[in-house]
Amino acid sequence: MSVVTPSGTVLEDDYEMVICKTKDGELGVLPGQIPLVAPLDIGITRLKINDETYKVAVNGGFMEVRPDKVTILAQSAEKASDIDVARAMEAKKRAERRLQQKQENIDFQRAELALKRAMNRLTVAGKA
Ligand code: ATP
């Protein structure tokens, strides 16, 4: 399976199971699966291999499943070890501040998405 973003390949590995957060909910995929394409939510992608589970913070995009390969094409994605926790905490605080403001010129949807990305990163880093 591979996780690819506009800035490059984040992960490329074998898999026993891949679990993604699609727009319709969690979807687990095994090798040999019937092909499909599904849009992804901001959420955790879990890669199971050799009794280990690896988490990746995925910021939207698509998953493409072929019998021999799963590809996640995301706006951005980070492995737990690549997450800058301080940066994610700052992003969370910034988004929360914006959401608390009562001004009309605040883009709430943008702030909500920023908050979701930050919380997702903190969860993957084990700091939520
Ligand atoms: P920020 O406000 O901190 O920039 P963001 O959610 O707006 O956060 P994105 O637009 O999703 O950031 O990502 C921009 C780039 O920065 C991507 O390459 C992403 O992987 C990286 N990135 C963002 N936040 C972090 C983080 N906390 N740790 C590591 N990389 C990050």
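Each value, and the rule that gives it
Each chain has its residues counted from 1, following the order in which its sequence is written. Local features in this predicted model are restricted to residues of pLDDT 70 or higher, and side-chain atom pairs are both shown and tallied only at a pLDDT of 80 or more, whereas totals for entire chains, interfaces and linings draw on every residue. As a rule here, side-chain values cover all heavy atoms of the structure and leave hydrogens and water aside. Secondary structure counts use DSSP, requiring at least four H or I residues in a row for a helix and at least two E residues in a row for a strand, with both numbered from the N terminus. How far a helix is expected to stretch is found by multiplying one less than its residue total by 1.5 Å. For every residue, the accessible area (1.4 Å probe, protein chains only) is compared with the maximum for its type, and the residue is labelled buried under 20%, exposed over 50%, or partly exposed between those bounds. Of all possible arcs, the one meant is that of the directions from the helix axis to the C-beta atoms. In these notes, a set of buried Ala, Val, Leu, Ile, Met, Phe, Trp, Tyr and Cys residues joined through side-chain atoms within 4.5 Å is what counts as a nonpolar core. In this description, contact between two residues means that some pair of their heavy atoms is separated by no more than 4.5 Å. Patch definition: residues above 30% relative accessible area lacking any salt bridge, with like charges linked at up to 9 Å and the nonpolar side chains Val, Leu, Ile, Met, Phe, Trp and Tyr linked at up to 5 Å. Surface accessibility in these figures is a Shrake-Rupley result with a 1.4 Å probe; residues are shielded only by whichever protein chains are displayed. Salt bridge, as used here, is a side-chain nitrogen of Lys or Arg placed within 4 Å of a carboxyl oxygen of Asp or Glu. Residues scored as charged are limited to Lys and Arg (positive) and Asp and Glu (negative), so that His and the chain ends carry no count. Here the site of a charge means NZ on Lys, CZ on Arg, CG on Asp, or CD on Glu. A cutoff of 4 Å decides nearness: a residue is near a molecule or strand if any of its heavy atoms lies inside that distance of it. We define a polar contact as two N or O atoms separated by no more than 3.5 Å, with the added condition that, inside protein, one atom must be a possible hydrogen donor and the other a possible acceptor, whereas residues neighbouring each other in sequence contribute only through side-chain atom pairs.

**Student:** Can you explain helix α1 (residues 85-100)? Please cite residues and give values.
**Tutor:** For α1, built from 16 residues, the straight-helix expectation of 22 Å at 1.5 Å per residue is met to within 8% by its first-to-last C-alpha distance of 23 Å. Along α1, the residues classified as buried are Ala88, Ala91 and Ala95. The buried residues of α1 occupy an angular sector of 60 degrees when the element is viewed end-on, so they sit on one face. Pointing more than 90 degrees away from the buried face of α1 are the exposed residues Ala86 and Gln100.

**Student:** Can you lay out the nonpolar core for me, pointing to particular residues and giving the numbers?
**Tutor:** Counting residues in hydrophobic clusters, the biggest one holds 20 residues, and the most contacted among them are Met1, Met63, Val70 and Ile72. Going through the elements one at a time, β2 (8-12), β3 (17-22), β5 (36-49), β6 (52-66) and β7 (69-73) are the ones with two or more residues in this core. Excluding its chain neighbours within four sequence positions, the residues that come into contact with Val70 are Met1, Ser2, Tyr15, Val18, Val29, Met63 and Glu64.

**Student:** Report on a positive patch on the surface, specifying residues and quantitative values.
**Tutor:** Taken together, the side chains of Arg87, Arg94, Arg97, Arg98 and Arg110 make up a positively charged region of the molecular surface. Top element by residues in the positive patch is α1. It accounts for 4 residues. Relative to the assigned elements, Arg98 resides in helix α1.

**Student:** Which residues make up the site of the ligand, and what are the values?
**Tutor:** Around the ligand sit Asn59, Ser76, Glu78, Asp82, Ile83, Asp84, Arg87, Ala88, Ala91, Arg94, Arg117 and Arg121, and that is every residue in its neighbourhood. Between the ligand and Ser76 there is a distance of 3.2 Å, counted from an oxygen atom to a side-chain nitrogen or oxygen. Asp84 places a polar main-chain atom, nitrogen or oxygen, 2.8 Å from a nitrogen atom of the ligand. Protein chains shield 68% of the accessible area of the ligand, which is 590 Å² for the free molecule. Elements with a minimum of two residues in the shell around the ligand: β8 (76-79), α1 and α2 (108-124). With 4 residues, α1 is the largest single contributor of residues to the shell around the ligand.

**Student:** So what's going on with α2? Residues and values would help.
**Tutor:** End to end, α2 covers 24 Å across 17 residues, agreeing with the expected 24 Å (1.5 Å per residue, within 8%). Regarding α2, the residues found buried are Ala111, Ala114, Leu115, Ala118, Asn120, Arg121, Leu122 and Val124. Contacts made by the buried residues of α2 are with β5, β6, β8 and α1. Two or three places before Gln109, at the start of α2, stands the capping residue Asp107, its side-chain oxygen 3.3 Å from that residue's backbone nitrogen. Backbone geometry just after α2 places Gly126 at a positive phi near 75 degrees.

**Student:** Any chance you could break down a negative patch on the surface for me, citing the residues and the numbers?
**Tutor:** Negative charge collects at one region of the surface, where Asp13, Asp14, Glu16, Asp51 and Glu52 lie side by side. Looking at the element boundaries, Glu16 is found in the loop between β2 and β3.

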